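Below are the chains, spelled out letter by letter.
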Amino acid sequence: MWFGAAAVGVVIGFLGGLLGKGGSAIATPMLHALGFPAIVAVASPLPATVPSTALAASAYARHGLVDWRAARWTVAVGVPATALGAVLTRWIGGGALVLATDVVLIGLGIRLLITAGRAHPDGDGAVVPVWALASVGATVGLVSGLLANSGGFLLAPLFATVLRLPIKAALATSLAVAAVLAIPGTVVHVALGHVDWALVAVFAVTSVPLSLVGARVALRIDAHRLERLYGGVLVVLGAGFLFLR
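Residues numbered from 1 in each chain as written. Predicted model: local features only at pLDDT ≥ 70, side-chain atom pairs only at ≥ 80, totals over all residues. Heavy atoms only, no water.

1. Focus: the overall build of the chain
Note the cut-off: Runs of E in the DSSP output that reach at least two residues are strands. Runs of H or I that reach at least four are helices, and both are numbered from the N terminus. Throughout this description, buried means an accessible area under 20% of the type-specific maximum (1.4 Å probe, protein chains only), exposed means over 50%, and partly exposed covers the range between. Throughout, a contact is declared for two residues whenever any of their heavy atoms are within 4.5 Å. Here, Shrake-Rupley sampling with a 1.4 Å probe gives the accessible areas, and only protein chains in the shown set may cover a residue.
Summing up its helical and strand segments, the chain has 11 helices and zero strands in all. Counted from the first residue to the last, the chain has its helices and strands arranged as α-α-α-α-α-α-α-α-α-α-α. Out of the 245 residues in the chain, the part that is buried amounts to 54%. Residue pairs in contact within the chain that sit at least 24 positions apart in sequence constitute 87% of those at least 6 positions apart. Of the roughly 9800 Å² of accessible surface on the chain, a fraction of 72% belongs to carbon and sulfur atoms.

2. Some words on the nonpolar core
The test is simple: Take the buried residues of types Ala, Val, Leu, Ile, Met, Phe, Trp, Tyr and Cys, join any two whose side-chain atoms come within 4.5 Å, and each joined set is a nonpolar core.
If you look at the biggest cluster of nonpolar residues, it comprises 19 residues, and the most contacted ones within it are Val136, Val140, Leu155, Phe159, Leu163, Leu165 and Val177. Looking at this core, the elements that each hand over two or more residues are α5 (68-88), α7 (130-147), α8 (152-161) and α9 (167-191). With sequence-adjacent residues up to four places away left out, Val136 is seen in contact with Leu155, Leu158, Phe159, Val162 and Leu163. Leu15, Leu19, Ala156 and Leu219 belong to the second-largest nonpolar core, a separate cluster that totals 18 residues.

3. Some thoughts on a nonpolar patch on the surface
Here is the rule: Patch membership requires more than 30% relative accessible area and the absence of a salt bridge. Residues of like charge join within 9 Å; the nonpolar side chains Val, Leu, Ile, Met, Phe, Trp and Tyr join within 5 Å. Only one rule defines a salt bridge in this text: a Lys or Arg side-chain nitrogen within 4 Å of an Asp or Glu carboxyl oxygen.
A contiguous nonpolar surface patch, about 540 Å² in accessible area, is contributed by Leu84, Val87, Leu88, Trp91, Ile92 and Leu142. In terms of residue count, the dominant contributor to the nonpolar patch is α5 (three residues). Within the fold, Leu142 resides in helix α7. Judged by its relative accessible area of 32%, Leu142 falls in the partly exposed class.

4. Quick look at the packing of helix α4 (residues 45-61) against α9
Packed helices, taken two at a time, are described by the angle between their axes plus the distance between the axes. Convention followed: Whenever a helix is involved, its axis is fitted only over the stretch in contact; in every case the axis is a line through C-alpha atoms, and angles between N-to-C directions fall within 0 to 180 degrees. When an angle is under 35 degrees it counts as roughly parallel; over 145 it counts as roughly antiparallel; between 65 and 115 it counts as roughly perpendicular; any other value is oblique. Whether a crossing is left-handed or right-handed is set by the direction in which the near helix is turned from the far one by less than a right angle, anticlockwise for left-handed and clockwise for right-handed. Polar here means any residue outside two lists: the nonpolar Ala, Val, Leu, Ile, Met, Phe, Trp, Tyr, Cys and Pro, and the charged Asp, Glu, Lys and Arg; Gly therefore counts as polar.
One can describe the packing of α4 onto α9 by two numbers: an axis separation of 8 Å at closest approach and a directional angle of 155°. The angle between α4 and α9 places the two elements in the roughly antiparallel class. Here the hand of the crossing between α4 and α9 comes out left-handed. On α9, the residues that touch Leu46, Pro47, Thr49, Val50, Thr53, Ala54, Ala56, Ala57 and Tyr60 of α4 are Lys168, Leu171, Ala172, Leu175, Ala176, Ala178, Ala179, Ala182, Ile183, Gly185, Thr186 and His189. Residue composition of the contact of α4 with α9, by class: 15 nonpolar, five polar and one charged.

5. Overview of the environment of His194
Note that His194 resides in the loop between α9 and α10 (197-218). Sequence-wise, His194 and Ile39 are 155 residues apart; in three dimensions their C-alpha atoms are separated by 6.2 Å. Residue contacts for His194: discarding those within four places in its chain leaves Ile39, Val40, Ala43, Ser44, Thr89 and His189.

6. Points about unusual backbone geometry
With the exception of glycine, the majority of residues adopt a negative phi angle, and the majority of peptide bonds are in the trans configuration. For Arg164, which is not glycine, the phi torsion reads 60° and is therefore positive. By the element assignment, Arg164 lies in the loop between α8 and α9.

7. Structural notes on the side chain of Ser211
Operational definition: Pairing of N or O atoms within 3.5 Å defines a polar contact, subject to two protein rules: one partner must be a possible hydrogen donor and the other a possible acceptor, and residues neighboring in sequence count only if both atoms are side-chain atoms.
With respect to the helices and strands, the residue Ser211 is situated in helix α10. Engagement of the side chain of Ser211 in a polar contact is seen with the backbone oxygen of Val208, the distance being 2.6 Å.

Shown next as structure tokens:
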């Protein structure tokens, strides 16, 4: 079981850096399938998301790809929404959260398959209105708190499709925001006793270094093709985990 958790950390770390996502959405059903209790599988990947997404974001930031205006507004609205979502897990069972994660994986995968490559790689140059930035922050924050995700699995596609950021800027900004949004959720879940620190340690040792590797690879290849591939993987994984349940 622990060897499997380490393998999950390697995969999630690399994909997180590669595609601008924290990776908890995939880690949760994988860890649950390995035999970890549902609520532990939901909460324990989150602490390792903070250093892994921050490290990957720094690689993008060195190339000037982070949209700091979008990041600031998303964090300002998303942090309190994340804390609220995490508190609500006290009254929602872990099994229900894992099921919700599986369904979200499928929906996100289908969305990526349909929309990947539609946006112009250089964006449309329009200034994003504040209400749009706040809406994305509120939505992602609440969902990430409920599902114990850093929000990256929703942030990148929302930044690209709703805010119309260039694709690599969307990935970069997603990682920067996810690093911050993971903090309040982590604090609340630790207080509620949902976190297995042995699992956190295994996950951190494997996922953090690979997130930087993934980010460096993403900077060298076509991001639209990666989104299509990732969308297909999410659909397959989500459907597979639902079937296994």
